Amino acid sequence: MTGGLLHTAPSLKQLNRSKSVIHRRYPSSALRAIVLGVLALPMVVSAQIEPAPAEKNWREANDAVGQFKRGHADILKWEKENVPAAAGQELASPSLSLMTAEDAVRQAWRAHLDLVKPMNRIGTANVDLIAKGQWAELDPIHQRKVDDMDELLEVAAQGRKAWFQAVAARQVLKQHRDALDAAEAGNELGRRMVSVGNWSKLQQAQVQLAQSSAKMNVRRAQNAATQAEASLIKTLGLTGMHSAVALPDRLPDVPVQALSQQVLDERAAAIAAQLPRAEGMRNGANARLARQAYLSSHALAVSAREEVLKVREFITEETVLHYNGMLKSVWDLLGEVSSQSQAVASAIEAQRDFWIAETDLQWVLQGGAPDSFVSLGGGGGEPAAAAGH
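The sections below set out a description of the structure shown in this document. (Residues numbered from 1 in each chain as written. Predicted model: local features only at pLDDT ≥ 70, side-chain atom pairs only at ≥ 80, totals over all residues. Heavy atoms only, no water.)

On the secondary structure map, E102 appears in helix α7 (residues 101-110). A C-alpha to C-alpha distance of 5.2 Å links E102 and K132, two positions 30 residues apart in sequence. Once you skip the residues sitting within four places of it in the chain, E102 turns out to touch A131 and K132. (Helix = DSSP H or I, 4+ residues; strand = E, 2+ residues; numbered from the N terminus. Contact = heavy atoms within 4.5 Å.)

And the structure:
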């Protein structure tokens with residue numbers, strides 16, 4: 001057993017050679033701390049069963065791992081960084097780039113040739129405002145004077161919302177993959193500890209269960225991302241023409257300040273004045289629902305960003321420091337990585353909900369009537385309340 005452990009142990013030169021690779025692959029200090037530990041684990045185990053020279057090797061390995069930024073742990077992946085990658089199927093290459101919501105809106109319009117007429121009527125400047133999401137700068141009188149103006153806005157709104165859903169789904173998938181990396185690291189450490197008699201199979205089963213749970217989360221997130229991308233392609237009228245799209249890595253930032261109640265009331269009154277009485281009353285009811293969803297989603301997104309994530313980042317950094325000082329166990333660190341990934345995923349969903357709510361609000365304040373409004377925390381596509389129309 002000793003010979004096998006020493007055979008798989010990386011040398012100090014290999015430790016240093018792996019440093020830059022790991023820093024690129026694992027930017028999170030907590031996750032990196034977990035991954036780095038496997039580099040020294042075989043030497044640590046060897047130190048427990050070898051005479052004095054092995055203790056020297058352990059100290060040298062310990063010092064080498066300590067050279068990594070904030071990294072000194074006890075877990076996975078030296079082998080994965082040093083074996084040839086298995087040949088596998090490559091992901092489908094995106095044949096369409098949609099790096100902004102504006103790109104999605106303009107692409108959605110191309111699938112509706114009948115919208116050329118209203119676009120010509122309102123002019124290029126107003127078309128640009130709609131594409132960029134600056135609907136508040138539109139003159140509400142267009143809603144009464146331009147035929148098919150409502151369809152022009154509806155197609156734009158649906159394109160924007162589908163784009164936000166797809167970008168957010170990919171972001172959330174990334175977080176769950178990070179959590180899976182940590183869980184796999186824990187399971188690998190547990191397996192090795194069982195193999196040298198330092199752990200029971202019951203202890204190993206607990207970390208194996210955590211890995212299985214993380215895998216399930218990744219599968220769910222992968223399915224959600226695939227469905228969101230397919231929905232985006234369908235919304236843009238591109239089914240059968242494109243199977244994959246290039247999207248940005250993250251959603252746009254949520255504005256620090258939401259629109260004030262006074263501004264929202266003024267815009268609601270302006271559009272109501274352009275609509276027939278009955279339609280104006282329905283629009284007023286929709287405006288109240290849209291305004292509530294907008295203000296609530298903004299408060300939740302800002303709270304997630306300014307409170308939850310900052311506190312969670314502090315806890316994670318402190319956990320890494322305590323772990324490095326042997327005041328926390330590796331399982332404490334694994335738990336914190338999982339908690340942080342979940343917090344980030346929730347913050348992304350709150351950010352997505354805001355942009356969907358903001359789109360619905362702008363649409364309503366131009367006379368639109370969404371079928372429903374965003375259910376906060378409910379996946380971004382589930383109805384919170386039926387619109388009054």
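As a further point, take a nonpolar patch on the surface. On the surface, V311, F314 and I315 cluster together into a nonpolar patch covering about 270 Å² of accessible area. Within the secondary structure layout, F314 lies in helix α14 (residues 277-324). You can call F314 exposed: its relative accessible area is 52%. (Patch = residues over 30% accessible without salt bridge, like charges linked within 9 Å, V, L, I, M, F, W, Y side chains within 5 Å. Areas by Shrake-Rupley, 256 points an atom, 1.4 Å probe, with all protein chains shown as cover. Salt bridge = Lys/Arg side-chain N within 4 Å of Asp/Glu carboxyl O. Buried < 20%, exposed > 50% of the residue type's maximum accessible area, 1.4 Å probe, protein only.)

Along its 47 residues, helix α11 (residues 149-195) runs 69 Å from first to last C-alpha, staying within 8% of the 69 Å computed at 1.5 Å per residue. Counted residue by residue, α11 has 35 buried out of 47 residues, so it is predominantly covered. (Expected span 1.5 Å × (residues − 1).)

Their axes nearest at 11 Å, the elements helix α13 (residues 261-272) and α14 cross at an angle of 155 degrees. Judged by the inter-axis angle, α13 sits roughly antiparallel to α14. In this structure, the crossing between α13 and α14 has a hand that is right-handed. Along the contact surface, α13 presents Q261, L264, D265, A268 and I271, while α14 presents N283, A287, R291, Y294 and L295. Counted by class, the contact of α13 with α14 contains 6 nonpolar, 2 polar and 2 charged residues. (Axes fitted to C-alpha atoms, helices over the stretch in contact; angles between N-to-C directions. Parallel < 35°, antiparallel > 145°, perpendicular 65-115°, else oblique. Left-handed = near helix turned anticlockwise from the far one by under 90°. Nonpolar A, V, L, I, M, F, W, Y, C, P; charged D, E, K, R; others polar.)

Another aspect to go through is the pattern of salt bridges. All told, the structure shown has 14 salt bridges when counted by the stated rule. Its salt-bridge partner being R291, residue D265 comes within 2.6 Å of it at the nearest N-O pair. With D265 in helix α13 and R291 in helix α14, the pair connects residues that are 26 residues apart, well separated along the chain. With a relative accessible area of 36%, D265 lands in the partly exposed category. When the shortest N-O distance is used, the salt bridge between E336 and R312 registers 2.7 Å. Taken as a pair, E336 in helix α15 (residues 330-364) and R312 in helix α14 lie far apart in primary sequence, 24 residues in all. For E336, a relative accessible area of 8% corresponds to the buried category.

Another point: the packing of aromatic side chains. In the structure shown here, the tally under the stated rule is 4 aromatic pairs. With centroids separated by 5.0 Å and ring planes inclined at 70 degrees, the aromatic side chains of F354 and W355 adopt a geometry described as edge-to-face. A relative accessible area of 12% means that W355 is categorised as buried. Ring-pair connections join several aromatic residues into one group, and the members of that group are W163, F164, Y294, F354 and W355. (Phe/Tyr/Trp six-rings, centres within 6.5 Å; stacked < 30°, edge-to-face > 60°.)

Take helix α12 (residues 201-235) next. A rise of 1.5 Å per residue sets the reference length of α12, with its 35 residues, at 51 Å; its end C-alpha atoms lie 50 Å apart and thus fit the reference within 8%. Along α12, the positions that sit buried rather than exposed are Q204, V207, Q211, A214, V218, A221, A225, A228, E229, L232 and I233. Looking at the buried positions of α12, the neighbouring elements they touch are α11, β2 (245-246) and α15. Downstream of α12 by a residue or two, G237 has a phi angle that is positive, lying close to 70 degrees.

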